[in-house]
Amino acid sequence: AKVRHLKWEVAYMHWSPDGAEGVVMGINGQFPGPTIRARAGDILHIELTNHLHTEGVVIHWHGIRQIGTPWADGTASISQCAINPGETFVYRFKVDKAGTYFYHGHYGMQRSAGLYGSLIVDVAEGEREPFHYDGEFDLLLSDLWHKDSHAQEVDLSATPMRWIGEPQTLLINGRGQFNCSLAAQFSNSSASQCMLRGNEQYAPQILHVLPNKTYRLRIASTTALASLNLAIGKHKMVVVEADGNYVEPFSVENMDIYSGESYSVLFTTDQNPSNNYWISISVRGRQPRTPQGLTILNYIPTSPSTLPNSPPPISPQWDDYSYSKSFSNKIFALTGSPKPPTTHHRRIMLLNTQNYIDGATKWAINNVSLVLPPTPYLGSIKYGLKNGFDRNTPPDHFNHSYDVLKPAQNQNSTYGNGVYMLNFNTTIDVILQNANALATNVSEIHPWHLHGHDFWVLAYGEGKFTEKDEEKFNLKNPPLRNTAVIFPFGWTALRFVADNPGAWAFHCHIEPHLHMGMGVVFAEGIRRIRTIPVEAIGCGLTGKMLMKNNVHK
Ligand code: C2O
Ligand code: CU
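- An unreviewed UniProt entry annotates the chain as L-ascorbate oxidase of Buddleja alternifolia.
- In its Function (unreviewed entry) section, the UniProt entry covering the chain states "May be involved in a redox system involving ascorbic acid."
- Reading the Sequence similarities (unreviewed entry) entry of the UniProt record for the chain gives the comment "Belongs to the multicopper oxidase family."

Right, dumping it as structure tokens:
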């Protein structure tokens, strides 16, 4: 194992991710940020300098559990203070488990601003993956708005709320086409054929393959909003990894991927080698107003500029939820993976609702809409700062009589920033309960992501969860994940062990939903943390405390 030293500078820069020039957040002049490649057991040492002129920044390492380094999780107000302009913060942590991960901004809506990149962890030296492949590619999926993220924040917080609408473009590795279409020849819209030289910032990244080989595709979605379906024209895929955990291999023609998820799939180049093939991503779960994102699978020696001779894959209907559920229900842990404890110590039921607060639209969990405090929880809890956040514990349950199939009778909600304090080393069940949103007959998909842990996905179900649904829990081979979706009007049951001292976000990975309050904070074992690096907590009440020099190392 090694220590890998990286020096990064975050800055806004002009870029044309889809052919229309805008401003994105880049790292070292790159968009998306540089891909990190490491081996399991390595230490990443990243010196991050904030070159934004007037805005703080943090970076979260999505899927890395930060065992023993909770201050390196990169969540503003939770694990650390935002890094001020001109300042440098060192993220130093171990990547303990091989898998496909990514990183992204976790302050305001900086992920929407384009602050993201891939993080790939290979197996440790001398170890082998439980499957074979000849080559691999890495696809980081995202969505792009032409309106900048600050304007989006203002819109979403306005009274009445102004919804940001659907993305203009889907991006694959930061590249998409807004002004033209790669597949114009097949579309009946007026889209013009892209005339690309190949060196444009928005030219697709073409995947060059040899016939009769097996490739691994690492796919991660950091979309702000879009749920996606990915397909490779005429090729089947075998899913082998999800969120950095091996799964029992299964074969699919296309796959759903929600924001915050990552997968590895294998495919074999067994098709006619004198053609090229489309790789497509399409919007699911919301009525699509965004064209498919496309790139090309190029069979060497066919020319990479030869367009495929058949149209891009047709994705399932956007609202075919039973199709989506059947995909999710095919995911099981690879035989031999760690099994969940058979019982739980505490069950937290989290009702997801859309509400109004003083006329503004919010999302709330058990009727609390999260607003982050100025002092990072990690410091407030560690140093017992009573005013760091709301000391009333948020509720573990919601009203039994709540009808999840109808709009709420009382649509009002309240702001809060309390913490779910978990007893160290206990087993926690979380039941995420979806409900009707503000409008009748509307319930949305929400991909929930947990920091600091993986969880087992025990079951998905319809309607309101009841105690007897426990019978449906899969305790035999449930997949370990860090992100799981709740389907419209349904529930999802998760289990994890609170064994990682720290303060951890658990939230919907849809960026505007989180901005509108859709998250909670868990904390466990904080007393076991010996020292928090002062650089992480030099703001808010912990900042004042440090100034008074009340802290001795
Ligand atoms: Cu990828 Cu809290 O996020
Ligand atoms: Cu959501």
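## Overview of the sheet that holds strand E4 (residues 43–50)
Thought 1: Strand order in the open sheet formed by four strands is E2-E1-E4-E6, and the pairing between neighbours is mixed. Each having just a single partner strand, strand E2 (22–27) and strand E6 (88–94) make up the two edges of the open sheet. Across the sheet, the mean angle separating the axes of adjacent strands is 20° when strand polarity is ignored.
Thought 2: Looking at chain direction, E4 and E6 are connected through seven bridges and run antiparallel. The residue bridging Thr-49 from the neighbouring strand is Thr-88, located in E6.

## Quick look at the pairing of strand E17 (residues 262–268)
Two faces make up the sheet, and in a regular strand the side chains alternate between them.
Thought 1: For E17, the buried fraction is high: six of the seven residues fall into the buried class.
Thought 2: Of the pairings in the sheet, the one linking strand E12 (residues 214–221) to E17 comprises seven bridges and is antiparallel in character. Within E17, the residue paired with Leu-217 across the bridge is Val-265.
Thought 3: Inspection of the sheet shows strand E14 (residues 237–242) paired to E17 by four bridges, in the antiparallel sense. Within E17, the position partnered with Ala-242 by the bridge is Tyr-263.

## A short note on the UniProt feature "domain: Plastocyanin-like" (unreviewed entry) in the chain
Thought 1: Those residues carrying the UniProt feature "domain: Plastocyanin-like" (unreviewed entry) are residues 10–122, 139–300 and 395–525 in this numbering.
Thought 2: Secondary structure across residues 139–300 divides into 6% helix and 41% strand, with the first and last C-alpha atoms of the span separated by 20 Å.
Thought 3: In this annotation, residues 395–525 is assigned 4% helix and 40% strand; the end-to-end C-alpha distance for the span is 20 Å.

## Observations concerning the nonpolar core
Thought 1: Formed by 145 residues in total, the largest nonpolar core has its most connected members in Leu-141, Ile-219, Val-265, Tyr-377, Leu-494, Val-521 and Ala-523.
Thought 2: Look past the residues within four positions of Tyr-377 in its chain and what remains in contact with it is Ile-78, Phe-389, Val-419, Ala-503, Val-521 and Ala-523.

## Re the environment of Met-25
Thought 1: Among the structural elements, Met-25 can be located in strand E2.
Thought 2: For Met-25 and Ser-303, which are 278 residues apart along the polypeptide, the C-alpha to C-alpha distance reads 34 Å.

## Quick word on the pairing of strand E9 (residues 135–144)
Thought 1: Sheet analysis places E9 next to E12, joined by seven bridges and oriented parallel. When the bridges of E12 are listed, Leu-139 appears paired with Ile-219.
Thought 2: Pairing of E9 with strand E10 (residues 169–172) involves four bridges; the strand directions are antiparallel. Bridging across to E10, Asp-143 finds its partner in Leu-170.

Reading guide: rules and limits
- Residues numbered from 1 in each chain as written.
- Chains lettered and ligands numbered in written order.
- Predicted model: local features only at pLDDT ≥ 70, side-chain atom pairs only at ≥ 80, totals over all residues.
- UniProt positions renumbered as here; feature names shortened; annotations may be inferred.
- Pairing = 2+ DSSP bridges.
- Helix = DSSP H or I, 4+ residues; strand = E, 2+ residues; numbered from the N terminus.
- Axes fitted to C-alpha atoms, helices over the stretch in contact; angles between N-to-C directions.
- Buried ≥ 20, exposed ≤ 12 C-beta atoms within 10 Å, placed from the backbone.
- Core = buried A, V, L, I, M, F, W, Y, C linked by C-beta atoms within 7 Å.
- Contact = placed C-beta atoms within 7 Å.

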